[in-house]
Amino acid sequence: MEITLKKGGGVTCSPAERHGSAHSLSVYTTKRLNETGFPKEGEARSSFSSPKQIIFDVVASMSVVGKSANIFWQECPVRKLDRQKLLKQKGCVIWITGLSGSGKSTLACTLDRDLHSRGKLAYVLDGDNLRHGLNKDLGFSAEDRAENIRRVGEVAKLFADAGLICIASLISPYRKDRDSCRAILPDLSFIEVFMNMPLDLCEARDPKGLYKLARAGKIKGFTGIDDPYEPPLNCEIEIQQENGVCPSPCAMAGQVVGYLEEKGFLRE
Ligand SMILES: Nc1ncnc2c1ncn2[C@@H]1O[C@H](COP(=O)(O)OS(=O)(=O)O)[C@@H](OP(=O)(O)O)[C@H]1O
Ligand SMILES: Nc1ncnc2c1ncn2[C@@H]1O[C@H](COP(=O)(O)OP(=O)(O)O)[C@@H](O)[C@H]1O
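Criteria and cut-off values
- Just so you know, the residues in each chain are numbered from 1, in the order the chain's sequence is written.
- As they are written, the chains are lettered A onward and the ligands numbered 1 onward, keeping that order.
- Confidence filtering applies because this is a predicted model: local features only for residues at pLDDT of at least 70, side-chain atom pairs given and counted only at 80 or more, and all residues used for totals across whole chains, interfaces and linings.
- Only hydrogens and water are set aside; all other atoms, that is, all heavy atoms of the structure, feed into the side-chain values.
- Strands are runs of DSSP state E lasting at least two residues, helices are runs of H or I lasting at least four, and both sets are numbered from the N terminus onward.
- Two residues qualify as a contact provided that any one of their heavy atoms is within 4.5 Å of a heavy atom in the partner residue.
- Surface exposure here means Shrake-Rupley accessible area, sampled with a 1.4 Å probe, where a residue is shielded only by the protein chains that are shown.
- As a per-residue measure, pLDDT tells how confident the predictor is, with possible values from 0 to 100.
- Relative accessibility decides the category of a residue: with a 1.4 Å probe and only protein chains considered, values under 20% of the type maximum give buried, values over 50% give exposed, and everything between is partly exposed.
- Nonpolar core, defined: a set of buried Ala, Val, Leu, Ile, Met, Phe, Trp, Tyr and Cys residues in which side-chain atoms within 4.5 Å join the residues together.
- When we say a residue is near a molecule or strand, we mean one of its heavy atoms is within 4 Å of it.
- Pairs of N or O atoms are called polar contacts if they sit within 3.5 Å, as long as, within protein, a hydrogen donor faces a hydrogen acceptor (for residues adjacent in sequence, only side-chain-to-side-chain pairs).
- By the convention adopted, Pro, Cys, Tyr, Trp, Phe, Met, Ile, Leu, Val and Ala count as nonpolar, Lys, Arg, Asp and Glu as charged, and the other residues, Gly among them, as polar.
- Every angle, taken between N-to-C directions, lies between 0 and 180 degrees, and every axis is a line fitted to C-alpha atoms, over only the stretch in contact when it is a helix.
- Put simply, angles under 35 degrees are roughly parallel, angles over 145 are roughly antiparallel, angles from 65 to 115 are roughly perpendicular, and the rest are oblique.
- Handedness of a crossing is defined here by the sense of rotation of the near helix relative to the far one, left-handed for an anticlockwise turn of less than a right angle and right-handed for a clockwise turn.
- Criterion used throughout: strands pair if DSSP finds at least two bridges between them.

**Regarding the overall build of the protein chain**
Consideration 1: Check the secondary structure of the protein chain and you find 11 helices and 10 strands.
Consideration 2: Put simply, 72% of the contacts in the protein chain that link residues at least 6 apart link residues at least 24 apart.
Consideration 3: Summed over its atoms, the accessible surface of the protein chain is roughly 14,700 Å², and 55% of this surface lies on carbon and sulfur atoms.

**Describing the confidence of the model for the protein chain**
Consideration 1: Per-chain confidence: the protein chain averages 87 in pLDDT, with 81% of residues scoring 70 or above.
Consideration 2: Residue range residues 1–48 is modelled with pLDDT below 50. Its contacts to residues more than four positions away, or to other chains, number 90 contacts.
Consideration 3: This prediction of the complex comes with two scores: 0.85 for pTM and 0.99 for ipTM.

**Points about helix H3 (residues 53–60)**
Consideration 1: Counting buried residues along H3, six of its eight residues qualify, which places the element largely inside the surrounding structure.
Consideration 2: Within H3 the residues assigned to the buried category are Ile55, Phe56, Asp57, Val58, Val59 and Ala60.

**So, the nonpolar core**
Consideration 1: Ile94, Leu107 and Leu260 are the most contacted members of the largest nonpolar core, which totals 32 residues.
Consideration 2: For this core, the secondary-structure elements that each account for two or more residues are strand E6 (92–97), helix H5 (104–117), strand E7 (122–126), strand E8 (165–169), strand E9 (190–196), helix H10 (210–215), strand E10 (237–240) and helix H11 (249–262).
Consideration 3: It is H11 that provides the largest number of residues to this core, a total of six residues.
Consideration 4: In this structure Leu260 touches Cys92, Ile94, Leu115, Ile165, Ile191, Phe265 and Leu266, once residues within four positions along its chain are discounted.

**Some thoughts on the site of ligand 2**
Consideration 1: Contacts to ligand 2 come from 15 residues, most closely from Gly101, Lys104, Ser105, Thr106 and Pro247.
Consideration 2: Ser102 has a polar backbone atom sitting 3.2 Å from an oxygen atom of ligand 2.
Consideration 3: Taking Gly103, its main chain carries an N or O atom lying 3.1 Å from an oxygen atom of ligand 2.
Consideration 4: Protein contact buries 72% of the 560 Å² of open area that ligand 2 shows by itself.
Consideration 5: At the level of secondary structure, the elements contributing two or more residues to the shell around ligand 2 comprise H5 and H11.
Consideration 6: In terms of residues, the shell around ligand 2 owes the most to one element, H5, which gives three residues.
Consideration 7: Looking at the shell around ligand 2 residue by residue, the class counts come to six nonpolar, seven polar and two charged.

**Re the packing of H5 against H11**
When two helices pack together, their arrangement is captured by the angle between the axes and the distance separating the axes.
Consideration 1: H11 packs onto H5 with a crossing angle of 60° between their chain directions and a minimal axis gap of 9 Å. Relative to H11, the element H5 lies oblique. The handedness of the crossing between H5 and H11 comes out as right-handed. Counting all contacts with H5, which are made through Thr106, Leu107, Thr110, Leu111, Asp114 and Leu115, the residues of H11 involved are Pro249, Cys250, Met252, Ala253, Val256, Val257 and Leu260.
Consideration 2: Among the residues forming the contact of H5 with H11, the class breakdown is 10 nonpolar, two polar and one charged.

**Looking at the sheet that holds E7**
Consideration 1: Ordered by their spatial adjacency, five strands build an open sheet running E7-E8-E6-E9-E10, and the pairing between neighbours is parallel. Each edge of the sheet is formed by a strand with only one pairing partner; in this case those strands are E7 and E10. Strand-to-strand, the axes of this sheet are offset by a mean angle of 20°, without reference to chain direction.
Consideration 2: Packing of H5 onto the sheet brings it into contact with E6, E7, E8, E9 and E10, and relative to E8 it is tilted by some 165°.
Consideration 3: Contacting E6 and E9, helix H8 (residues 175–184) crosses the sheet at an angle of about 155° to E9.

So this is what it looks like as structure tokens:
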């Protein structure tokens, strides 16, 4: 383990160390550190021995994350496994991506109802809805969409950790942003569902009249018209037309439920 005390009191250590056993030491307080003395600025150690070890362990449990210095990871006694046992299911994120009008919300709601009727706890995070609150400070530039996806990914991660089947339904047009969400979730618990519907079908549906406005130049940067959509390269589930016909909402939800059953997410 190597830790370095930074100017201003922050401490650097690797993410593995931050999320490792050092966390359990966060019960030690800064007061205790003050009593015993901080290591000197710039001081780095590769191994520690008593009596200073405990001090360095405490310091190692402090992190600099983004703009926050001197923060700790607080472990709680009830774990994800305990919650999953209670709920008789496994927490995961079903990430539905696709063009506006491709059927994301329809699938999310149908799937939610289907799981509910099976006694499974799910919750829908809808892009449009989240932009009414959590993400109301964001627009549709590439940077704002990236921040939108990042925040929803973090919320979805919390829901999955709570043991829920979290259904996130967002255009999420950039592969890199979706992959970043995948990267923060435990292996296999990020299930990417691609609504692979042709643009002309989505545009013909146009339930909100947005494509019409985009074509008329009244909405700038509309996905699929004058803004990019990057389809997934390796998604877990792809929903597409068969012989030019879109599967029914129940059939789309059935495809996802089949996957969840097969992979064991619907049992503890
Ligand atoms: N410029 C532009 N491009 C795409 N979509 C737009 C735009 N402006 C507004 N809307 C409406 O916002 C909904 C998409 O929000 P998301 O949060 O899912 O978008 S993103 O993931 O950040 O790209 C989207 O909802 P859906 O139609 O359900 O996809 C639209 O209702
Ligand atoms: N499988 C389907 N079969 C027929 N119509 C559908 C299907 N899925 C969605 N639709 C219709 O297409 C339109 C767009 O669906 P929606 O779920 O709102 O898309 P998105 O959330 O991707 O914008 C809606 O009018 C919806 O009723």
